[in-house]
Amino acid sequence: MTQQSAMKTKLILIEDEPGHTRLIIKNLMKCADVEILPFDTGRRALEYFDGKTPDDLRQHLVVLDINMPGIDGFEVLRRLKGNESTAAVPVIVFTTTDHPDEIRRCYQEGANLYLVKPMDYTAFQVTIDFLAASLTMMRLP
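Conventions adopted
- Residues numbered from 1 in each chain as written.
- Predicted model: local features only at pLDDT ≥ 70, side-chain atom pairs only at ≥ 80, totals over all residues.
- Heavy atoms only, no water.
- Buried < 20%, exposed > 50% of the residue type's maximum accessible area, 1.4 Å probe, protein only.
- Pairing = 2+ DSSP bridges.
- Helix = DSSP H or I, 4+ residues; strand = E, 2+ residues; numbered from the N terminus.
- Axes fitted to C-alpha atoms, helices over the stretch in contact; angles between N-to-C directions.
- Contact = heavy atoms within 4.5 Å.
- Parallel < 35°, antiparallel > 145°, perpendicular 65-115°, else oblique.
- Left-handed = near helix turned anticlockwise from the far one by under 90°.
- pLDDT = per-residue confidence, 0-100.
- Arc of directions from axis to C-beta.
- Phe/Tyr/Trp six-rings, centres within 6.5 Å; stacked < 30°, edge-to-face > 60°.
- Lys NZ or Arg CZ within 6 Å of the ring centre and 35° of its normal.

*Asks:* Explain unusual backbone geometry to me, and be specific about the residues and the numbers.
*Replies:* Backbone geometry at Gln59 places phi at a positive 70°, although glycine is not the residue there. What makes Gln59 buried here is its relative accessible area of 8%.

*Asks:* Got a sec to walk through the sheet that holds strand β5 (residues 113–116)? Specific residues and values, please.
*Replies:* Sheet strands pair by backbone hydrogen bonding; their relative direction is either parallel or antiparallel. Read across the sheet, five strands follow the order β2-β1-β3-β4-β5 without closing on themselves; strand pairing throughout is parallel. With partners counted over all chains shown, the strands left at the sheet margins are β2 (34–39) and β5, one partner each. On average, each strand axis in the sheet is tilted by 20° relative to the strand beside it, whichever way the strands run. Direction of pairing for strand β4 (residues 91–95) relative to β5: parallel, over a ladder of four bridges. Across the sheet, residue Val93 finds its bridge partner in β5, namely Tyr114. Of the strands in this sheet, β1 (9–14), β2 and β3 (60–64) touch helix α3 (residues 42–49), which is tilted by about 150° from β1.

*Asks:* Help me get a handle on the packing of α3 against helix α4 (residues 73–82), residues and values and all.
*Replies:* For the pair α3 and α4, the least separation of the axes is 10 Å and the interaxial angle reads 15°. Considered as vectors, α3 and α4 are oriented roughly parallel to each other. With respect to the hand of their crossing, α3 and α4 are arranged in right-handed fashion. Of α4, the residues touching α3 (which contributes Gly42, Leu46 and Phe49) are Val76, Arg79 and Leu80.

*Asks:* Outline the confidence of the model for the protein chain, supporting the account with residue identities and numerical values.
*Replies:* Here the protein chain averages 90 in pLDDT, and 94% of its residues register 70 or above. Here residues 1–5 scores under 50 on pLDDT; set against residues more than four positions off or in separate chains, the count is five contacts.

*Asks:* Tell me about α3, and name the residues and values.
*Replies:* For α3, the set of buried residues is Gly42, Ala45, Leu46, Tyr48 and Phe49. Down the axis of α3, the sector holding all buried residues measures 150°, keeping them to one side. Buried positions along α3 lie against β1, β2, β3 and α4. Gly51 sits one or two positions beyond α3 and adopts a positive phi of about 80°.

*Asks:* Explain the packing of aromatic side chains to me, using residue names and the numbers behind them.
*Replies:* Going through the model one piece at a time under the given rule, you end up with three aromatic pairs. Ring centres 5.2 Å apart and planes at 85° place the aromatic pair Tyr48 and Phe49 in the edge-to-face group. Each member of the pair Tyr48 and Phe49 is classed as buried. With a centroid separation of 5.6 Å and an interplanar angle of 45°, the aromatic rings of Phe94 and Phe124 are classed as tilted. Here Phe94, found in strand β4, pairs with Phe124, found in helix α6 (residues 121–137); they are 30 residues apart in sequence, far enough to count as distant. Taken individually, Phe94 and Phe124 each receive the classification buried, so the pair is uniform in this respect. Here a set of aromatic residues connected by ring pairs shows up, and it is made of Phe39, Tyr48 and Phe49. Over the ring of Phe94 we find Lys117; its NZ or CZ atom is 5.8 Å from the centre of that ring.

Okay, here's the thing in structure tokens:
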């Protein structure tokens with residue numbers, strides 16, 4: 001096993017809704033070997049990345065809500081992908097918005113995957129299980 005594959009994934013969860021944060025953490029921790037660092041604002045999440053190098057960010061992954069007060073997910077995505085130090089960090093947008101224009105905008109800004117949060121609890125859990133299963137199979141830069 002290489003050193004990189006032995007490292008635990010650090011999932012940066014940027015979500016302002018406490019209920020969603022609890023559900024995501026609870027379900028991901030059951031299914032995936034990840035360290036989850038939750039942030040409830042875009043500003044706090046961006047502060048986490050300040051001063052970090054690409055080497056510091058190996059094995060990092062961002063799960064990002066779009067609809068947040070203050071610095072919204074679009075701006076967080078734009079700043080992460082526009083910064084040489086953070087541009088390679090994969091970003092999964094996980095939001096309630098399913099409008100085609102917003103989906104297109106996220107991909108244009110550099111999102112690696114766009115998942116829609118279902119409103120139904122069971123469907124929400126299935127989506128989190130999908131994300132957790134993906135985490136066990138994906139390889140990060």
